[in-house]
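Residues per chain are reported as follows:
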Amino acid sequence: MAETKREIERKYESDESGLPDLTGVAGVVTIIDKGVTELDATYYDTSDLRLAAASITLRRRTGGSDAGWHLKLPVEAGVRDEIRSPLSDTVPEELGRLVRSRVREGQLVPVVRLRSSRDVRELVDTQGRLLAEASVDAVRADRLFGGEGSAQWTEIEVELADGGDPALLDTVEKRLRKAGVRPSASSSKLARALTETASKKKRARGKTPGNGKTAGGPAGGTPVAADPTAADPVTAGDHVLAYVRAQRDAIVALDPAVRQGAENSVHDMRVATRRLRSTFRSFPKVLDRTVTDPIADELKWLAGELGADRDHEVLDERLTAGLHELNPALVSGRVAERLRTWAKAQRQTSHRRLLGVLDSPRYLTLLDALDALIADPPLRKAAAGKPAKVLAKAVRKDFAKVSELIGQALEEPPGRTRDETLHAARKKTKRTRYAAETAAPAIGGPAKALTKSMKSLQSLLGDHQDSVMARRSLRELSAVAHAAGESTFTYGVLYGREEGRGERTEEALPDAWERARAQMEV
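Note that the structure is a prediction, hence the values are computed from the model and not measured.

If you had to explain the overall build of the protein to someone new, which residues and values would you point to?
When its secondary structure is counted, the protein shows 15 helices and 8 strands. Considered along the principal axes of its C-alpha atoms, the protein spans approximately 80 × 65 × 45 Å. Sorting the 522 residues of the protein into buried and exposed places 48% on the buried side. Taking the contacts inside the protein whose residues are at least 6 apart along the sequence as the reference set, 72% of them involve residues at least 24 apart.

Shown next as structure tokens:
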């Protein structure tokens, strides 16, 4: 079974003079010599180094207290999540799945072997608590695939103890800098090894993945650095493709988090799929819909699969919170128990299904299709036009659709038809928001302001739809409770509260809509 550890560390160049004295730095009272450990690690990647391009490392390491397989996923600069799995001869399936969105149908092969003599020091406080671990590593790198030769160097590594204060690393760095020690030019040992053992031709071009000269993010078969949308956008097409690329990157990057059930990961991936689909719909004058429509259909499928998990999560939180807010005198029967059982069953079923979706050929084919579209975009004539003109026109068109639906909803009496119209308006509001986000870099303030107003309107309409769905679930739960001979009184109370919330959002809608219209006119 894999375990995850948050790793916060910094690396420094070393001239082999050893570790400067860190006694007295930020509460460090004692430096404990832990001796030298011999580490032997083999790093795996695809033949075109897709993992390295995304600053991801996968290794099999022996020696030390944590021998086994380690997958490191970047969180932010200097912070990575390390997922560990027991030692075995082949890549553990659970780790292979976490890199599938990048590897896809490719094969993982040994690319670099790193052997390190690690001289370890523990930095502890007055109570003997571990604050950080500092080490001097003498490293030898041997290229196993896709490069040539070997390299050797010495580096200093300082890793924060579990639960430690990251500010400690800042203080330690000040001391190291005063001693003449400078931060490493490479983000990791693997990045340095790939750079120094690359073929002479690749070194000359500066295209070694992981050396800081290529952008992070997913790679299918096309190197990230070759992506035309990576340059600063100039035309309308450039802006649309930059937005498309950002959403593709988000889907691929979020894949491991979704598989692990990380908080908000499903929601964030679903939003990225919706942004992509909306962009294809909003800018048909820029991207040819005969090419994007089939991809949009697959994105709709993926969003639906993601939604099954996320929608249950939202409903569970809403209904549970509503129950906790009730006066205990209004709670009768096994309502809390039924809610827990219902939520658990929904989560287990939907998450298992979602994992199957992420492992399916259909999902991987969709990722390949997005890569192909970005590498060879189906641009139309308007793509070469001035961004402010082309993008603004598309935003206004989307806004007009929202206006029409809001007007229809406000004319309808409360009930199913109004609910359905407001739900449709919510979808169009999202599309307008995403179109405005796409246009914001080109148009500036007005697009940013519209994005903000559309987000507020979307939130209001979203709360209304959540109320509609909560009432539907409460009716179903009440029916089950009734069939079991249980009291349904509390379900009725919760239903009435949700009905009231829905009515209040409808009452607030006219004012919110007027504010949005005023923003659009500006």
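With reference to specific residues and values, describe the packing of aromatic side chains.
Inspection of the entire model under this criterion finds 2 aromatic pairs. Geometrically, the ring pair formed by Tyr44 and Trp69 is tilted, given 5.2 Å between the ring centres and 50° between the ring planes. Of this pair, Tyr44 sits in strand β2 (residues 30-45) while Trp69 sits in strand β4 (residues 68-76), and the two are 25 residues apart along the sequence. When its relative accessible area of 0% is taken as the criterion, Trp69 is described as buried. Between Phe399 and Trp513, the aromatic rings sit 5.3 Å apart at their centres with planes inclined by 20°, giving stacked as the arrangement. Separated by 114 residues along the polypeptide, Phe399 in helix α12 (residues 387-411) and Trp513 in helix α15 (residues 489-521) bring together distant segments of the chain. The pair Phe399 / Trp513 is uniform in exposure class, with both members buried. The lysine or arginine in question, Arg362, covers the ring of Trp301, its NZ or CZ lying 4.2 Å from the ring centre.

I'd love a proper account of empty space enclosed by the protein, names of residues and values included.
In the structure shown here, the tally under the stated rule is 2 cavities of 30 Å³ or more. Its volume calculated, the second largest cavity comes out at about 30 Å³. Only β7 (130-143) and β8 (150-160) provide two or more residues apiece to the lining of the second largest cavity. Tallying contributions element by element places β7 first for the lining of the second largest cavity, with 3 residues. Grouping the amino acids of the lining of the second largest cavity by side-chain chemistry returns 1 nonpolar, 1 polar and 4 charged.

Can you break down the sheet that holds β8 residue by residue, with the values?
Reading around the barrel, the 8 strands line up as β1-β5-β4-β3-β2-β6-β7-β8 and close back on themselves, with antiparallel pairing between neighbours. Mean inter-strand twist for the sheet, computed between neighbouring axes without regard to direction, equals 35°. Relative to β4, strand β3 (residues 57-62) runs antiparallel, the two being bridged by 5 bridges. Each residue of the ladder has a partner; that of Thr57, found in β4, is Lys72.

I'd like to hear about the layout of surface pockets, residue by residue, with values.
Considering only enclosed or pocket space, the largest pocket measures out at about 1,300 Å³ in volume. Taken together, 37 residues make up the lining of the largest pocket; nearest its centre are Arg270, Arg274, His423, Arg426 and Lys430. Those elements that place two or more of their residues in the lining of the largest pocket are α8 (265-282), α9 (289-325), α10 (335-358), α13 (416-443) and α14 (445-483). Across the lining of the largest pocket, the residue classes tally to 8 nonpolar, 12 polar and 17 charged. Considered as a void within the structure, the second largest pocket measures approximately 720 Å³ in volume. The wall of the second largest pocket is formed by 36 residues, among which Arg61, Asp66, Arg118, Glu133 and Glu159 lie closest to the centre. When contributions to the lining of the second largest pocket are tallied by element, the ones reaching two or more residues are β1 (3-13), β2, β3, β5 (79-85), β6 (109-124), β7, β8 and α5 (189-196). Looking at the lining of the second largest pocket, the element that brings in the most residues is β2, giving 6 residues.

Lay out the packing of helix α7 (residues 236-260) against α13 with the relevant residues and their values.
Relative to each other, α7 and α13 sit at 125°, their axes nearing to 9 Å. Between α7 and α13, the crossing angle belongs to the class labelled oblique. Of the two possible hands of crossing, α7 and α13 adopt the one that is right-handed. Listed contacts from α13 to His239, Val240 and Tyr243 of α7 are Tyr434, Glu437, Thr438, Pro441 and Ala442. Residue composition of the contact of α7 with α13, by class: 5 nonpolar, 2 polar and 1 charged.

Tell me about the environment of Asp21, and please be specific about residues and values.
Of note, Asp21 is situated in the loop between β1 and β2. A polar side-chain atom of Asp21 sits 2.8 Å from a polar atom in the side chain of Thr23.

Describe the nonpolar core, and please don't skip the residues or the numbers.
Grouped together as the largest cluster of nonpolar side chains are 58 residues, with contacts concentrated most on Val244, Ile251, Phe280, Tyr363 and Leu457. With 9 residues, α12 is the largest single contributor of residues to this core. For Ile251, the contacting residues outside a window of four places in its chain are Met269, Ala272, Thr273, Leu276, Leu299, Tyr363 and Leu367.

Outline the pairing of β8, supporting the account with residue identities and numerical values.
Burial analysis of β8 places 9 of its 11 residues in the buried class, the great majority of the element. Bridge count for β1 against β8 is 5 bridges, and the pairing is antiparallel. Paired with Glu13 across the bridge in β8 is Glu155. Both β7 and β8 contribute to a ladder of 11 bridges, which runs antiparallel. Across the sheet, the residue bridging to Asp142 is Ser150, located in β8. Count of turn residues in the β7/β8 antiparallel hairpin: 6 residues, of which Gly146 carries a positive phi of about 80°.

Account for unusual backbone geometry, with residues named and values stated.
Even without a glycine there, the phi angle at Ser55 is positive, about 60°. Judged by relative accessible area, which is 37%, Ser55 ranks as partly exposed. Backbone geometry at Arg104 places phi at a positive 55°, although glycine is not the residue there. Locating Arg104 in the fold gives a position in the loop between α3 (100-103) and β6. On the basis of relative accessibility, which here comes to 7%, the residue Arg104 falls in the buried class.

Any details on α13? Residues and values, ideally.
In this model, α13 (28 residues) spans 39 Å end to end at C-alpha, consistent with the 40 Å of a helix rising 1.5 Å per residue. The axis of α13 is deflected most strongly, by about 30°, at Glu437, and proline Pro441 appears within four residues downstream. Positive phi shows up at Gly444, right after α13, with a value of about 85°.

Which residues make up a positive patch on the surface, and what values go with them?
A contiguous patch of positive charge on the surface is contributed by Lys285, Arg380, Lys386, Lys389, Lys393, Arg396, Lys397 and Lys401. Mapped onto the elements of the fold, Lys389 is located in helix α12.

About the criteria used
- Residues numbered from 1 in each chain as written.
- Predicted model: local features only at pLDDT ≥ 70, side-chain atom pairs only at ≥ 80, totals over all residues.
- Heavy atoms only, no water.
- Helix = DSSP H or I, 4+ residues; strand = E, 2+ residues; numbered from the N terminus.
- Buried < 20%, exposed > 50% of the residue type's maximum accessible area, 1.4 Å probe, protein only.
- Contact = heavy atoms within 4.5 Å.
- Phe/Tyr/Trp six-rings, centres within 6.5 Å; stacked < 30°, edge-to-face > 60°.
- Lys NZ or Arg CZ within 6 Å of the ring centre and 35° of its normal.
- 1 Å grid on protein atoms, 1.4 Å probe; cavity = no way out; pocket = protein on both sides within 12 Å on 5 of 7 lines; lining within 4 Å.
- Points joined across faces, edges and corners; volume = space filled by probe spheres on them.
- Nonpolar A, V, L, I, M, F, W, Y, C, P; charged D, E, K, R; others polar.
- Pairing = 2+ DSSP bridges.
- Axes fitted to C-alpha atoms, helices over the stretch in contact; angles between N-to-C directions.
- Parallel < 35°, antiparallel > 145°, perpendicular 65-115°, else oblique.
- Left-handed = near helix turned anticlockwise from the far one by under 90°.
- Polar contact = N/O pair within 3.5 Å; in protein donor to acceptor, adjacent residues only side chain to side chain.
- Core = buried A, V, L, I, M, F, W, Y, C linked by side-chain atoms within 4.5 Å.
- Expected span 1.5 Å × (residues − 1).
- Bend = angle between axes of the 7 residues up to and from the residue.
- Patch = residues over 30% accessible without salt bridge, like charges linked within 9 Å, V, L, I, M, F, W, Y side chains within 5 Å.
- Areas by Shrake-Rupley, 256 points an atom, 1.4 Å probe, with all protein chains shown as cover.
- Salt bridge = Lys/Arg side-chain N within 4 Å of Asp/Glu carboxyl O.
- Lys, Arg positive; Asp, Glu negative; His and termini not counted.
- Charge placed at Lys NZ, Arg CZ, Asp CG, Glu CD.

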